[in-house]
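Each chain is listed here by its residues.
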Amino acid sequence: MPRALGHLERGGTLVLAGVTMTPVPELDYGLLYWSARCAAWLNFTRQDAQELLQLAAEIPIHTSVQTFPLSAANEALLALKRSEIDGAGVLLVV
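Residues numbered from 1 in each chain as written. Predicted model: local features only at pLDDT ≥ 70, side-chain atom pairs only at ≥ 80, totals over all residues. Heavy atoms only, no water.

Along its length, the protein carries three helices and four strands. Counted from the first residue to the last, the protein has its helices and strands arranged as α-β-β-α-β-α-β. The buried share of the protein, taken over its 94 residues, is 13%. Within the protein, residue pairs in contact and separated by at least 24 positions form 37% of the contacts whose partners lie at least 6 positions apart. Approximately 8000 Å² of the protein is accessible, and the part contributed by carbon and sulfur atoms is 57%. (Helix = DSSP H or I, 4+ residues; strand = E, 2+ residues; numbered from the N terminus. Buried < 20%, exposed > 50% of the residue type's maximum accessible area, 1.4 Å probe, protein only. Contact = heavy atoms within 4.5 Å. Areas by Shrake-Rupley, 256 points an atom, 1.4 Å probe, with all protein chains shown as cover.)

The structure is reproduced here in structure tokens:
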């Protein structure tokens, strides 16, 4: 959770699904300062996931993915740092 918050843009939302009953680590509250919302889905079951995916197909949700070969990992990280990736950046390990 702290790592995810550290990458959240100002005004962003962090949603944690399938949170287990493990202790939450000590948190630097400065990470929460700029977030608009932080929420957890504490009882996310396999059936919940199936229903969510079915609903996502009906809406439909469209995703955007930009792939990079593993050899271009540094370029991918720079693009991520510069907010040049629209959607998710994925390293292909082949």
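Another aspect to go through is the environment of His 7. Here His 7 is to be found in the loop between helix H1 (2-6) and strand S1 (13-17). The exposed category is assigned to His 7, whose relative accessible area is 67%. The sequence separation of His 7 and Leu 31 amounts to 24 residues, and the corresponding C-alpha distance is 9.1 Å.

On the surface, Val 65, Val 90, Leu 92 and Val 94 cluster together into a nonpolar patch covering about 400 Å² of accessible area. Turning to its location among the elements, Leu 92 is positioned in strand S4 (residues 88-92). (Patch = residues over 30% accessible without salt bridge, like charges linked within 9 Å, V, L, I, M, F, W, Y side chains within 5 Å. Salt bridge = Lys/Arg side-chain N within 4 Å of Asp/Glu carboxyl O.)

Further remarks concern the confidence of the model for the protein. Per-residue pLDDT for the protein has a mean of 81; in total, 83% of the residues score no lower than 70. Of all helices and strands in the protein, the one with the weakest mean pLDDT is strand S2 (residues 37-41) (68), whereas strand S3 (residues 65-69) scores best (94). (pLDDT = per-residue confidence, 0-100.)

Before going further, it helps to examine the pairing of S3. Consecutive side chains of a regular strand alternate in pointing toward one face of the sheet and then the other. Note: S3 against S4, five bridges, orientation parallel. Bridge pairing in S4 places Thr 67 opposite Val 90. Considered for its hand, the β-α-β crossover made up of S3, helix H3 (residues 73-81) and S4 is right-handed. (Pairing = 2+ DSSP bridges. Right-handed = clockwise from strand over helix to strand, strands pointing away.)

Below, the discussion takes up H3. All of the buried residues in H3 are Ala 73, Ala 76 and Ala 79. All buried residues of H3 fall inside an arc of 120° around its axis, so they share one side. Turned more than 90 degrees off the buried face of H3, the exposed positions are Asn 74, Leu 77 and Lys 81. Ser 83 lies just past H3 and shows a positive phi near 55°. (Arc of directions from axis to C-beta.)

It is worth spelling out unusual backbone geometry at this point. A cis amide bond, omega -20°, links Ile 59 with the succeeding residue Pro 60. In this structure, Pro 60 sits in the loop between helix H2 (46-58) and S3.

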